[in-house]
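As a plain string of letters, each chain reads:
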Amino acid sequence: MTKVKVFIKLVDDSSAQNKALVETVPEGMTLKELIEKKVASVGWADRELIVKSAQLYDEDFKQFVDITEPFDSLVLLNMQRFEVHLNKAVSE
């Protein structure tokens, strides 16, 4: 099975904590799956966090740009860089 290497920075806006991680994942994994896996692996699963925003680094423009497609359909490619901001889920 082919693997891809990605960088993801998770930022918990409710606690001002962040984690910068490099992960080697199976080809075909989506951004949603990566976020869920990394939130659990850094011990934040019990915080009930939701994604507030996610950005992908664009090599051409040398900056992070907003992701406009659903995270569960964005398949990871080798050497992509993401920054994901998380916040507490607001109960209604």
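Below is a summary of the structure that appears in this document. This is a predicted model, so every value here is computed, not measured. (Residues numbered from 1 in each chain as written. Predicted model: local features only at pLDDT ≥ 70, side-chain atom pairs only at ≥ 80, totals over all residues. Heavy atoms only, no water.)

Our focus in this paragraph is the pattern of salt bridges. Oppositely charged side chains can form a pair if their charged atoms are brought close together. Per the stated rule, a full pass over the model turns up six salt bridges. When the shortest N-O distance is used, the salt bridge between aspartate 12 and arginine 47 registers 2.6 Å. On the criterion of sequence distance, the pair formed by aspartate 12 in strand β1 (residues 3–12) and arginine 47 in the loop between α1 (31–41) and β3 (49–58) is long-range, its members being 35 residues apart. Overall, aspartate 12 belongs to the buried group, its relative accessible area being 1%. A salt bridge links glutamate 23 to lysine 38, with the nearest nitrogen and oxygen atoms 2.8 Å apart. Of the two residues, glutamate 23 is situated in strand β2 (residues 17–26) and lysine 38 in helix α1; the sequence distance between them amounts to 15 residues. Residue lysine 38 is classed as buried on the basis of its relative accessible area, which comes to 8%. Within this structure, Glu23, Lys37 and Lys38 form a network of salt bridges that share partners. (Salt bridge = Lys/Arg side-chain N within 4 Å of Asp/Glu carboxyl O. Helix = DSSP H or I, 4+ residues; strand = E, 2+ residues; numbered from the N terminus. Buried < 20%, exposed > 50% of the residue type's maximum accessible area, 1.4 Å probe, protein only.)

Where β1 lies against β2, ten bridges are found, and the strand directions are antiparallel. Within β2, the position partnered with valine 6 by the bridge is glutamate 23. Where β1 hands over to β2, the hairpin turn is made up of four residues, of which alanine 16 adopts a positive phi near 60°. (Pairing = 2+ DSSP bridges.)

Okay, the packing of aromatic side chains next. Across all of its chains, the model carries one aromatic pair by this definition. Aromatic pair tyrosine 57 and phenylalanine 64: ring centres 5.3 Å apart, planes at 70°, arrangement edge-to-face. Since its relative accessible area comes to 27%, phenylalanine 64 is described here as partly exposed. (Phe/Tyr/Trp six-rings, centres within 6.5 Å; stacked < 30°, edge-to-face > 60°.)

What follows is about α1. Residues spaced three or four apart along an α-helix face the same direction, because each turn holds 3.6 residues. Considered for burial, the residues of α1 that qualify are Leu31, Leu34, Ile35, Lys38 and Val39. All buried residues of α1 project into a common sector of 125° when viewed along the axis, lining one side. Next to the buried residues of α1 lie β1, β2, β3 and β5 (81–88). (Arc of directions from axis to C-beta. Contact = heavy atoms within 4.5 Å.)

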